[in-house]
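Secondary and tertiary structure notes
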Amino acid sequence: MAGKGPYSEKVMDHFQNPRNMGEMPDADGTGRVGNPTCGDLMEVYIKVNGDKLEDVKFKTFGCGAAVATSSMVTEMAKGLTLEEALKITKQDVADELGGLPPIKMHCSNLASDALHAAIKDYMEKKGGK
Ligand code: FES
């Protein structure tokens with residue numbers, strides 16, 4: 001509870017020092033989602049080993065909250081099985097960050113949606129079509 005501004009310290013930390021930001025040229029799956037509310041874009045890349053997420057990276061053209069939530073989601077997802085990672089919700093991400101201002105909740109949608117899209121992309125490719 002640092003009473004400064006609408007963002008928790010954790011949000012500010014992830015915003016200022018995003019984890020796992022950047023592209024992954026050899027990704028096993030890529031998820032790309034646009035935010036209908038604000039028009040911002042988010043991409044998440046995953047590297048899969050067995051049924052686990054070995055590495056997760058993101059790139060976003062979104063706002064600060066989008067940067068913080070995607071940074072957090074990559075940290076949360078790494079090491080999880082694909083099934084577990086598919087269960088991460090925007091609420092989990094926001095909770096993990098110590099809460100987000102309600103007006104920014106749609107931004108955390110981007111992060112979890114893009115992660116889920118990347119996993120589905122991987123599964124489709126693996127489905128061998
Ligand atoms: Fe667009 Fe936050 S305002 S992602």
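Along each chain, residues carry numbers from 1 onward, in the same order as the chain's sequence is written. Two thresholds apply to this predicted model, a pLDDT of at least 70 for residue-level local features and 80 or more for giving and counting side-chain atom pairs, whereas whole-chain, interface and lining totals are computed over all residues. Heavy atoms throughout the structure, all of them, feed into the side-chain values; hydrogens and water do not.

1. Some remarks on the overall build of the protein chain
Only DSSP runs of H or I with at least four residues qualify as helices, and only runs of E with at least two residues qualify as strands; both kinds are numbered from the N terminus onward. When helices and strands are tallied, the protein chain shows five helices and three strands. Whether a residue is buried, partly exposed or exposed follows from its accessible area with a 1.4 Å probe, protein chains only, as a fraction of its type maximum: under 20%, in between, or over 50%, in that order. Counting every position in the protein chain, which comprises 129 residues, the buried fraction comes to 43%. Contact criterion: two residues are considered in contact whenever any of their non-hydrogen atoms come within 4.5 Å of each other. In the protein chain, the proportion of contacts linking residues at least 24 apart, taken out of those at least 6 apart, comes to 61%. Total accessible area on the protein chain stands at roughly 6700 Å², and carbon and sulfur atoms take up 52% of it. For this count, His and the chain ends are skipped, Lys and Arg are scored as positive, and Asp and Glu as negative. Working definition for charges: the position is that of NZ of Lys, CZ of Arg, CG of Asp or CD of Glu. Distance from the positive charge centre (16 side chains) to the negative charge centre (19 side chains) of the protein chain: 2 Å. Accessibility throughout is a Shrake-Rupley quantity obtained with a 1.4 Å probe, and a residue counts as covered only by protein chains that appear here.

2. A short note on the pairing of strand β2 (residues 41-49)
Being paired, for any two strands, means DSSP has found at least two bridges between them. Across six bridges, the pairing between strand β1 (residues 29-34) and β2 is antiparallel. In the strand pairing of β2, Arg32 is matched with Glu43. Once β1 ends, the chain turns through six residues before running back antiparallel as β2, passing Gly39 with a positive phi of about 85°. Pairing of β2 with strand β3 (residues 52-60) involves eight bridges; the strand directions are antiparallel. Directly across from Glu43, in β3, lies its bridge partner Lys59. Two successive antiparallel strands, β2 and β3, enclose a turn made up of two residues, where Gly50 displays a positive phi of approximately 65°.

3. Quick look at the pattern of salt bridges
By salt bridge we mean one thing: a side-chain nitrogen of Lys or Arg within 4 Å of a carboxyl oxygen of Asp or Glu. Taken as a whole, this structure holds seven salt bridges when the rule is applied. A salt bridge links Glu43 to Arg32; the nearest nitrogen and oxygen atoms lie 2.5 Å apart. Linking Glu43 in strand β2 with Arg32 in strand β1, this pair joins segments that are eleven residues apart in sequence. Linking Lys125 and Asp121 is a salt bridge whose minimum nitrogen-to-oxygen distance equals 3.1 Å. Taken together, the residues Lys125 and Asp121, both in helix α5 (residues 105-126) and four residues apart, mark about one turn of the helix.

4. Thoughts on the packing of helix α2 (residues 64-77) against α5
Any two packed helices are characterised by how steeply their axes cross, that is the angle between the axes, and by the distance between the axes. Two elements in contact, α2 and α5, have axes separated by 8 Å at closest approach and are oriented at 35°. The hand of the α2/α5 crossing is right-handed. Taken together, the residues of α5 that come into contact with α2 (itself represented by Ala65, Ala66, Thr69, Ser70, Val73 and Ala77) are Cys107, Ser108, Leu110, Ala111, Ser112 and Leu115. Looking at the contact of α2 with α5 residue by residue, the class counts come to eight nonpolar, four polar and no charged. A fitted line through C-alpha atoms represents every axis, and for helices the fit uses only the stretch in contact; the resulting angles, taken between N-to-C directions, go from 0 to 180 degrees. Crossing handedness follows the turn of the near helix against the far one: under a right angle anticlockwise gives a left-handed crossing, and clockwise gives a right-handed one. Charged residues are taken to be Asp, Glu, Lys and Arg, nonpolar residues to be Ala, Val, Leu, Ile, Met, Phe, Trp, Tyr, Cys and Pro, and polar residues to be all remaining types, Gly included.

5. Things to note about the nonpolar core
For this analysis, a nonpolar core means a set of buried residues of the types Ala, Val, Leu, Ile, Met, Phe, Trp, Tyr and Cys, connected via side-chain atoms within 4.5 Å. Ranked by size, the top nonpolar core spans 33 residues in total, and within it Met42, Val44, Ile46, Leu53 and Leu115 carry the most contacts. At nine residues, the largest contribution of residues to this core is made by α5. Not counting residues within four places of it along the chain, the set of residues in contact with Ile46 comprises Met24, Ala27, Asp28, Gly29, Leu53, Asp55, Val56, Leu115, Ala118, Ile119 and Tyr122.

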